[in-house]
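# Secondary and tertiary structure notes
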Amino acid sequence: MSPTRPPKPPLSREDEALARHREELRNRFPLPTPTPRKPRKTLGAAMLLVMLSAGLAWVDPAYHSEQFHTAVGERQVLNLADGSRMTLDSDSQASVTWHLRSRHVQLESGQALFDVSKTRIRPFRVDAGTTQINVLGTLFSVSHLTDAVRVTLVRGAVSVGTTADAGHTVQLVPGQQVDVRQNQLQPPLAVDTEAAIAWKDNRLIFYRTPLAEALGQIQRYRKPSIVLDDPSLASLPISGVFDNRNVEDLLNLLPSILPLSLNTEADGTTHVRRKAAKK
């Protein structure tokens with residue numbers, strides 16, 4: 001009697017999705033029909049055939065793409081087909097593309113939190129500008145700032161690099177954050193990850209955060225522009241926990257805790273200036 005084979009492990013949601021699309025992929029990306037060959041072939045032709053076959057084995061065609069966008073003040077929690085979850089913050093835009101051997105997200109603007117399902121066959125990659133984040137399964141956030149891309153790792157592991165220097169990457173461990181500025185990876189820093197992703201719970205947490213950076217975060221939840229007229233105010237620190245659904249209240253609070261004044265135009269544009277000295 002032949003030994004009983006152990007049962008095969010159940011397919012993951014990712015593998016089931018791939019199986020459903022396998023026939024569609026075969027029809028869309030058929031392998032070339034072999035043509036009869038003459039008995040005599042040169043060594044060069046044989047080598048070329050081997051190289052072409054290897055190229056076909058590694059092809060990674062895209063077969064489905066989706067676009068997502070949130071308005072100012074809106075947040076979306078999106079359950080992706082592979083079991084991953086993407087949370088888009090206010091005023092953010094992203095596209096998700098499914099490939100035969102990979103999963104790609106292009107974060108065009110704003111910020112997002114990714115809770116990535118682990119899969120044996122298809123890695124997950126997020127692109128934000130020239131920044132590339134590669135991961136198998138983890139929880140991390142990506143913020144596409146005005147002058148930088150910021151990656152914060154909550155759990156798991158990610159590799160962060162840039163298209164400008166493909167050979168240089170930074171491996172983050174949970175609790176670390178890295179910025180990419182002018183296509184250059186900055187040294188990783190230890191951060192409070194709860195504060196870094198507090199936006200998902202409608203909170204802004206600042207701890208000695210430079211005013212310019214804080215205003216950039218506030219701007220995400222406000223349509224009219226915030227203009228810092230006096231650059232000397234940029235590094236003033238601000239601390240506190242605030243509700244990002246009431247950023248007007250937060251703005252109006254600033255003159256009471258920092259030496260600045262606000263001037264708001266008819267269209268809602270708010271200018272931040274140094275408070276005039278009392279005579």
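Throughout this description, residue numbers start from 1 for each chain and increase along the sequence as written. Reporting in this predicted model follows two pLDDT cut-offs: at least 70 for local features of residues, and 80 or more for side-chain atom pairs to be given and counted; totals over whole chains, interfaces and linings ignore these cut-offs and use all residues. Excluding hydrogens and water, the side-chain figures rest on all heavy atoms present in the structure.

## Some details on the packing of aromatic side chains
The relation between two aromatic rings is expressed through the spacing of the ring centres and the mutual angle of the planes. Ring pairs shown here join Phe, Tyr and Trp side chains whose ring centres sit within 6.5 Å, with only the six-membered ring taken for Trp; geometry is labelled stacked below 30 degrees between planes, edge-to-face above 60, and tilted in between. Tallied over the full model, the rule gives three aromatic pairs. Residues F114 and F140 carry aromatic rings whose centres are separated by 5.2 Å and whose planes lie at 25° to one another, so their mutual orientation is stacked. Here F114, found in strand β5 (residues 103–115), pairs with F140, found in strand β8 (residues 139–144); they are 26 residues apart in sequence, far enough to count as distant. Summary of the burial criterion: residues with accessible area below 20% of their type's maximum are buried, those above 50% are exposed, and those between are partly exposed, where the area comes from a 1.4 Å probe applied to protein chains only. You can call F140 buried: its relative accessible area is 0%. Taken together, F114, F124 and F140 form an aromatic cluster joined through their ring pairs. Secondary structure elements are taken from DSSP: a helix is a run of H or I of four residues or more, a strand is a run of E of two residues or more, and numbering for both begins at the N terminus.

## Observations concerning the packing of helix α4 (residues 211–219) against helix α5 (residues 247–257)
For helices, the axis comes from a line fit to the C-alpha atoms of the stretch in contact; other axes are also lines fit to C-alpha atoms, and the angle between any two N-to-C directions lies between 0 and 180 degrees. Running from N to C, α4 and α5 point in directions that differ by 155°, and their axes come no closer than 11 Å. In terms of orientation, α4 lies roughly antiparallel with respect to α5. Both α4 and α5 take part in a crossing whose hand is left-handed. Residues L211, L215 and I218 of α4 form the contact with α5, whose own contacting residues are V247, L250, L251 and L254. Basically, the charged four are Asp, Glu, Lys and Arg, the nonpolar ten are Ala, Val, Leu, Ile, Met, Phe, Trp, Tyr, Cys and Pro, and anything else, Gly included, counts as polar. In terms of residue class, the contact of α4 with α5 is built from seven nonpolar, no polar and no charged. Throughout, the term roughly parallel applies to angles under 35 degrees, roughly antiparallel to angles over 145, roughly perpendicular to angles from 65 to 115, and oblique to all others. Each crossing is labelled by how the near helix is turned from the far one, with a counterclockwise turn of less than a right angle marking it left-handed and a clockwise turn marking it right-handed. Should any heavy atoms of two residues lie within 4.5 Å, those residues are considered in contact.

## A closer look at the pairing of strand β6 (residues 124–128)
The buried fraction of β6 amounts to four of the five residues, a majority that puts the element mostly inside the structure. The pairing criterion for strands is at least two bridges between them, as found by DSSP. Summarising the sheet, β5 and β6 pair through four bridges and their orientation is parallel. Looking at β6, one finds that Q106 is bridged to D127. One ladder, built from five bridges, connects β6 with strand β7 (residues 131–135); its direction is antiparallel. Following the sheet pairing, D127 is matched in β7 by Q132. The antiparallel hairpin formed by β6 and β7 contains two residues in its connecting segment, where G129 sits at a positive phi of about 65°.

## So, the confidence of the model for the chain
Per-chain confidence: the chain averages 84 in pLDDT, with 78% of residues scoring 70 or above. Low pLDDT, under 50, characterises residues 52–57; the predicted model gives this stretch three contacts beyond four residues in sequence or across chains. How sure the predictor is of each residue is captured by pLDDT, a score from 0 to 100.

## Looking at the environment of E265
When you line up the elements, E265 lands in the loop between β18 (260–264) and β19 (270–274). Linking E265 and P224, residues 41 residues apart in sequence, is a C-alpha distance of 9.7 Å. Residues adjacent in sequence count toward polar contacts only when both atoms are side-chain atoms; beyond that, a polar contact is any pair of N or O atoms within 3.5 Å, and within protein one must be able to donate a hydrogen and the other to accept it. At a separation of 2.5 Å, a polar atom in the side chain of E265 contacts the side chain of H271.

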